[in-house]
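Tertiary structure, described
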Amino acid sequence: MTNTNLNRRRFLQYTAFGTFAAAIPELAFTESYKLNKTPNSAFKADVEIALTAQMTEVSILPGANTRVLKYTGKLLKGPSGTLKELPSYLGPMLNFEQGQKVRIFFHNQIPEPCVTHWHGMHVPQIMDGHPMYAINQGEQYVYEFEVKNPAGTNWYHSHTHEVTARQVYQGLAGLITITDEIERKLNLPSGEYDIPLIIQDRTFTSRNQLYYALNMHQRMQGFLGDTILANGQRNHVIPVKTRAYRLRILNGSNSRIYKLGWSDGSLLTAIGTDGGLLEKPQTFPYIMLAPAERVELWVDFSDRKPGSELALQTLSYRGFSMRMGGGMDMENNMMNQGSKSTIVKFAITEQIGDSPKLPDTLVPIRRFTAKDASNPDIVVPIAIGMRRMTFNLNGRTFDMLDYTNQEKIPVNTMQIIRISNANPDMGRGMGGGMRGGRGRGMMGMIMAQPHPIHLHGQQFQILSRKPGHADSAYTAIKDGFINNGWKDTVLVMPGEEVEIIKPFMDYTGLFLYHCHNLEHEDMGMMRNFFIS
Ligand code: C2O
Ligand code: CU
């Protein structure tokens, strides 16, 4: 049986009414199991979009076109700026306003199941793109939600059972921006001075096709491409004027973690994180950006000379990736996790007179502490583990509708969640399948991996980070974490323990949490919270 057939069979099993009813009695009596195939006439949409996942070809490298999967969009109703095309295989940028009611007619035209998740958005379960809601080729799913999030940068991507990594890699992703009243008053750079920047790594075959295959080691560390693309383009250069810009950066890579830095060593000025703007601008020598994380930068080219360039780079760091005796990566022409590279260049092309000034303060953020938790004595664990060459969470791998008692969260509560990447088993009891001394070392390398942990639903705040081993590798990256904004994804380094506090308001049902290293997600490093 081919993989596609197998996936399809599993998929059909999950969409069968009986399976849902049997697996979750609570859901059997709600609407929740139903694929939302038709619009709800009671939902008065301000914005309507037709979004189609399709197979197509785009020009990325000189020569032959590249076959990709791509979201294409059409605005049916709403402000004309709602949809903005981005180059290459990227889906259209969706620009929403807080409070808007949005209806998206999602058409699947690719020859396999597909489902779309609105990453970072606070929407009901049935609109959240849980893999149980995947549709087949030729089918339609109607997403309807009110935009509750504050101003910021989110994204959308496929979330299909066991093939998320490949579908996103082949192109199924796009950016979402949200604006609101408070943000508009700040007069941040807008229009052509507000630049989306989606960073992804890919590997191309000699015929310009996307290469995606995983041996066991690549499966364990996630796919790393040898070519960095910015907005779907290689060696991308963005022309800019001598004034300030807002950069909305998304790491849309499957598993590559960037250590962002400016080529001339100047500090980065962050104004926003995953969940929106910061309280005030904050500078960093470099910023770590893990898969699915967003950072918004303020960059002022005012004092730069026309004709000069500034590059955004990923700086080198010890990447916790497996180097099989040094040679292999070279042979495969891999760019390791932590390799230095240029991401995009800004070419200063035009001198202009004036530029907006960086505001001193941005948006108010109510800082939560452990005392704000509904039950400060209960800490919800997310313990990263590994068994039989598969990463797991709390000892379990993904099962479509499954949740445990400790994964049951009362709705309208605030919970403290402790994410630990402690690898208690490292070096012990891991003998199976690995030979000799080098095997033990390699197991250590496999275990000691960073994991970007993402929680669906509302954004959270980081309460604390406890490094496990404060060694030189950790020291070289620790100043690149932004710990005081709203987050939906947090990078948890080997040995590290991160405590977060997260609201679970408004919506009941199954909401995923998982590693956003997409190869890890697909191997089952994902679970459900059942909010009730
Ligand atoms: Cu961006 Cu559950 O994913
Ligand atoms: Cu992971």
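About the criteria used
- Residues numbered from 1 in each chain as written.
- Chains lettered and ligands numbered in written order.
- Predicted model: local features only at pLDDT ≥ 70, side-chain atom pairs only at ≥ 80, totals over all residues.
- Heavy atoms only, no water.
- Helix = DSSP H or I, 4+ residues; strand = E, 2+ residues; numbered from the N terminus.
- Buried < 20%, exposed > 50% of the residue type's maximum accessible area, 1.4 Å probe, protein only.
- Contact = heavy atoms within 4.5 Å.
- Areas by Shrake-Rupley, 256 points an atom, 1.4 Å probe, with all protein chains shown as cover.
- Pairing = 2+ DSSP bridges.
- Axes fitted to C-alpha atoms, helices over the stretch in contact; angles between N-to-C directions.
- Salt bridge = Lys/Arg side-chain N within 4 Å of Asp/Glu carboxyl O.

Further remarks concern the overall build of the protein. Helices and strands together make up the secondary structure of the protein, namely 10 helices and 31 strands. Looking at the protein as a whole, 60% of its 532 residues qualify as buried. Once local pairs closer than 6 in sequence are excluded, the contacts in the protein between residues at least 24 apart make up 80%. When the accessible surface of the protein is summed, it comes to about 20,600 Å², and 50% of that surface belongs to carbon and sulfur atoms.

Here five strands make up an open sheet; going across it, the order is β23-β22-β25-β29-β27 and the pairing mixed. Strands at the two margins of the open sheet, each flanked by one partner only, are β23 (390-393) and β27 (461-466). The mean inter-strand angle of the sheet, taken between neighbouring strand axes irrespective of direction, is 20°. Bridging between strand β22 (residues 379-387) and β23 involves four bridges; their strand directions are antiparallel. Paired with arginine 387 across the strands is threonine 390, a residue of β23.

Turning our eyes to something else, we now look at the pattern of salt bridges. For the structure on display, the rule yields 25 salt bridges. Note that lysine 148 and aspartate 506 form a salt bridge whose closest N and O atoms lie 3.5 Å from each other. A residue pair is termed long-range when its members are at least 10 positions apart, and lysine 148 in the loop between β7 (140-146) and β8 (152-158) and aspartate 506 in the loop between β29 (497-504) and β30 (509-515) qualify at 358 residues. In this structure lysine 148 comes out as partly exposed when scored by relative accessible area, which is 34%. Across the pair glutamate 192 and lysine 241 runs a salt bridge whose closest N-O atoms are separated by 3.5 Å. Here lysine 241 lies in strand β13 (residues 237-241) and glutamate 192 lies in the loop between α5 (181-186) and β10 (194-202), a separation of 49 residues in the sequence. Three or more residues joined by partner-sharing salt bridges are found here, namely Glu183, Asp194, Arg246, Arg248 and Glu296.

Our focus in this paragraph is the pairing of strand β5 (residues 101-108). For β5, a buried count of six out of eight residues is recorded, marking the element as mostly surrounded by other parts of the structure. Summarising the sheet, strand β1 (residues 47-58) and β5 pair through seven bridges and their orientation is parallel. For threonine 52, the partnering residue across the bridge sits in β5 and is histidine 107. With seven bridges joining them, β5 and β7 adopt antiparallel strand pairing. Each residue of the ladder has a partner; that of phenylalanine 106, found in β7, is tyrosine 141.

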